[in-house]
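Notes for the structure review
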Amino acid sequence: MNAAVSTAVFGGFMVLTVALGLLAVRGRGRAGGQPEGLPGKGGGGRRAGGLTEWSVGGRSLGTVFIWVLMAGESYTSFSYLGAAGWGYQFGAPVLYVLAYMSCGYALGYVVGPMLWAYARRHGLVGLTDIVAHRYRRPWLGAAVALLATVCLLPYIQLQITGMGVVVSTISYGAISLNWGYFLSFAVTTAFVTVSGLRGSAWVSVLKDVLVIATLGFLAVYVPWHYFDGYGPLLHRIVAEKPQWLTFPGHASGGLGQVWFATTTLVNSLTVVIFPTTVAGYLGARNADALRRNAMYLPFYNVLLFVPVLLGMAALFVVPHLTGAGSNLALFKLVVDSLPAWAVGLIGVAAALSSIVPMAVFMLVIGTMWGRSVLGAIPRLRTGATGAAEGGERGAAPEGRQKLFSQLVVVVAGALALLLTYTAPDTLVRLSLISYEGMAQLVPMVLLGLVWRRLTVHAAVSGLVVGLVLVCVLVFGGHDPVRGVNAGLVGLAANLAVALAVTWLGPRGTDERPDAEVLALDEEFPRQRARPQDAAVSPPGSS
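Below, the structure is looked at part by part.

Analysis parameters
- Residues numbered from 1 in each chain as written.
- Predicted model: local features only at pLDDT ≥ 70, side-chain atom pairs only at ≥ 80, totals over all residues.
- Heavy atoms only, no water.
- Axes fitted to C-alpha atoms, helices over the stretch in contact; angles between N-to-C directions.
- Helix = DSSP H or I, 4+ residues; strand = E, 2+ residues; numbered from the N terminus.
- Parallel < 35°, antiparallel > 145°, perpendicular 65-115°, else oblique.
- Left-handed = near helix turned anticlockwise from the far one by under 90°.
- Contact = heavy atoms within 4.5 Å.
- Nonpolar A, V, L, I, M, F, W, Y, C, P; charged D, E, K, R; others polar.
- Phe/Tyr/Trp six-rings, centres within 6.5 Å; stacked < 30°, edge-to-face > 60°.
- Buried < 20%, exposed > 50% of the residue type's maximum accessible area, 1.4 Å probe, protein only.
- Lys NZ or Arg CZ within 6 Å of the ring centre and 35° of its normal.

Quick word on the packing of helix α8 (residues 177-227) against helix α13 (residues 305-317)
Two elements in contact, α8 and α13, have axes separated by 10 Å at closest approach and are oriented at 25°. What the angle tells us is that α8 and α13 run roughly parallel. α13 is crossed by α8, and the crossing has left-handed handedness. Facing L215, L218, A219, V222, P223, Y226 and F227 of α8, the residues of α13 in contact are V306, P307, L310, A313, F316 and V317. Split by residue class, the contact of α8 with α13 holds 13 nonpolar, no polar and no charged.

Laid out in structure tokens, this is it:
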């Protein structure tokens, strides 16, 4: 009976999730005669319902939708499983998540509007577009798409694994892990293929309401139910588990203060150019929406203390969880003490915390391949002169690019599902590998957009050196390196090589004006125009 009730609640909300995704784009595709987005350079004939609408919401999302969408980056399956699991296993080191996200939001206050204005000015829809336009190398956009896919697929696997664990747990074992994994893939693929970024934003609203409500409830309920309040709980942790409250934590393998500081630094730099973050930036209606978002998001991070604390509380209730089983610490408390309908509702919040970020990851991979790889094949075959501009002249039309992108979404999700069945791993380790790899794009993207002298040879040389070093360290079991995050070691080598090649290597021959190459200050003034005006003309266009 418990399994039936909990599963029924969960199933009802999954149907609602797909319905919200469909409602989000109702009527958008029929507005084909209404130009949307950018009339300027590289914009071509973008129409509602095309790739721009699907991949970046038609560049029309306001502060609320951008906030809930980008909060999905903070509250993933890690929030309910990984954060509680690290709190259970190690303790203090898990606080790196709050540190790097807060620092990343501060950087995003500057970087977000910069990338938004640059992409809008030149009619770009993703990170690979930005790279291809900056360096005038379409093949480089395709190469970045391949790299990003390799780094993002484990993160999709992370979300599939997380949702599978949630579904199996809240069904009291009635639904197996394998079926839980498949359900995660099926629901996410169904709604993101049709609704794109706008649908993810709509579902994020439902997700955030449930996340705030359920974590708020658990923050009060669990300490009082099991320990008669916070005082007895905290006193017991201090008395019996003091090593969980200091660095390097309990049996963490050396995740001390140096690791904490270096991981916070490299992840805060990486998160602002992560492809999913960039998709959120580019979906904004104006730059001010991104600035407000950067100020509001840190308040949301306060909720992450809840699963961490409850993970440590689970040490006294279910004391024998080991390895990946520690990720179930929070849900063991939930299933043990709450009625089935409440278990189902909390399971929905956790599942949506997997679905929303997974949808955006799949969408970003689809957009990168549909736009920069498959969508560029006709341009390469015909040798169109406009290819180097990073725009659409000579490329596949937006309708075909969107179709390519949707097909890649299905393929990427299926591949991640296959990896989940054949190569499972612990949740946090997968996400760290993704970040350490993506960190190597920071010089190419951020430095390249503010420093013209960085040549394509320098950027690519640094990227290759950084990636090779990270792979050697991570897969060789040397992460962290004397306490330093391997991603930062790779990034330092990356930057050193890029600077050396810039100064000693061949000079660039790009004759375009600075406004074409760089993200200059005058390109992103504060947007004070009416929303309908901002949606039509990019800054600096005539």
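Continuing now.
Notes on the packing of aromatic side chains
Within a pair of aromatic rings, the relevant descriptors are the distance that separates the centres and the angle that separates the planes. Following the criterion strictly, the structure yields 20 aromatic pairs and no others. Relative to Y100, the ring of Y96 has its centre 5.9 Å away and its plane inclined at 20°; by these criteria the two rings are stacked. In this pair, Y96 and Y100 are both assigned in helix α5 (residues 96-122), four residues apart and thus about one turn of the helix distant. In this structure Y96 comes out as buried when scored by relative accessible area, which is 3%. With a centroid separation of 6.4 Å and an interplanar angle of 55°, the aromatic rings of Y226 and F227 are classed as tilted. A relative accessible area of 7% means that F227 is categorised as buried. Among the aromatic residues, those joined into a ring-pair cluster are W86, F90, Y96, Y100, Y155, W259, F274, F361 and Y435. Lying across the ring of Y135, R134 places its NZ or CZ 4.5 Å from the centre. The ring of W503 carries R453 above its face, with NZ or CZ at 4.1 Å from the centroid.

Function cannot be read off these values alone, since they describe shape.
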